[in-house]
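Each chain, written out:
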Amino acid sequence: MTVIEAALSTASEKDKDFLRAMAEEDDAVAAGDNSKRLNAKSNVVANYRARLIAAGLTEAPAYGKGRFRHPRPSRVPRKTRAT
């Protein structure tokens, strides 16, 4: 099991939703953008952001920004849209 797989194994579905929202961008994501994508309040997004940083899945390259710490995990696929 890789480090990413181990971290993802303890991530909740909401954590994974946050990661999917981050995956919409190619690099660092503004917390406000994730808040809009998830239709969540900024304090809720801040909690997920802090948890994922602590888990080693994401990092904060600048104030209010987040990005994947490792190459994007393939086990958190983007949700497909219903057609």
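A brief look at the structure comes next.

Criteria and cut-off values
- Residues numbered from 1 in each chain as written.
- Predicted model: local features only at pLDDT ≥ 70, side-chain atom pairs only at ≥ 80, totals over all residues.
- Heavy atoms only, no water.
- Helix = DSSP H or I, 4+ residues; strand = E, 2+ residues; numbered from the N terminus.
- Buried < 20%, exposed > 50% of the residue type's maximum accessible area, 1.4 Å probe, protein only.
- Contact = heavy atoms within 4.5 Å.
- Polar contact = N/O pair within 3.5 Å; in protein donor to acceptor, adjacent residues only side chain to side chain.
- Salt bridge = Lys/Arg side-chain N within 4 Å of Asp/Glu carboxyl O.
- Expected span 1.5 Å × (residues − 1).
- Arc of directions from axis to C-beta.

Next up on the list: the overall build of the protein chain. A count of helical and extended segments in the protein chain gives four helices and three strands. Taken from the N to the C terminus, the helices and strands of the protein chain come in the order α-α-β-α-α-β-β. Among the 83 residues that make up the protein chain, the fraction classed as buried is 31%. Taking the intrachain contacts of the protein chain between residues at least 6 apart in sequence as the baseline, contacts between residues at least 24 apart amount to 56%.

Inspection of the secondary structure assignment puts Thr58 in strand β2 (residues 58–59). When its relative accessible area of 3% is taken as the criterion, Thr58 is described as buried. A distance of 3.3 Å separates a polar side-chain atom of Thr58 from the backbone nitrogen of Ile53. Ignoring anything within four residues of it in the chain, the contact list for Thr58 reads Leu19, Met22, Arg49, Leu52, Ile53, Arg67, Phe68 and Arg69.

What follows covers the pattern of salt bridges. Think of it this way: side chains of opposite charge can pair up when their charged atoms draw near. Applying the stated rule across the entire model yields five salt bridges. The partner of Lys16 in a salt bridge is Glu13, with the nearest N and O atoms 3.9 Å apart. Placement of the pair is Lys16 and Glu13 together in helix α2 (residues 13–22), with a separation of three residues, close to one helical turn. Between Arg67 and Glu59 there is a salt bridge whose closest N-O contact spans 2.7 Å. Residue Glu59 is classed as partly exposed on the basis of its relative accessible area, which comes to 26%.

Attention now goes to the environment of Leu8. Along the chain, the position of Leu8 falls in helix α1 (residues 3–9). Here the alpha-carbon distance between Leu8 and Ala55, two residues 47 residues apart in the chain, equals 8.7 Å.

In this section: helix α4 (residues 42–54). Look at α4: 18 Å from first C-alpha to last across 13 residues, which is about the 18 Å you get at 1.5 Å a residue. For α4, the full list of buried residues reads Val45, Tyr48 and Leu52. Mapping the buried residues of α4 onto a view down its axis gives an arc of 65°, with all of them on the same face. For α4, the exposed residues set more than 90 degrees away from the buried face come down to Ser42, Asn47 and Ala54. Residues of α4 that are buried in the fold lie against α2, α3 (31–38) and β2.

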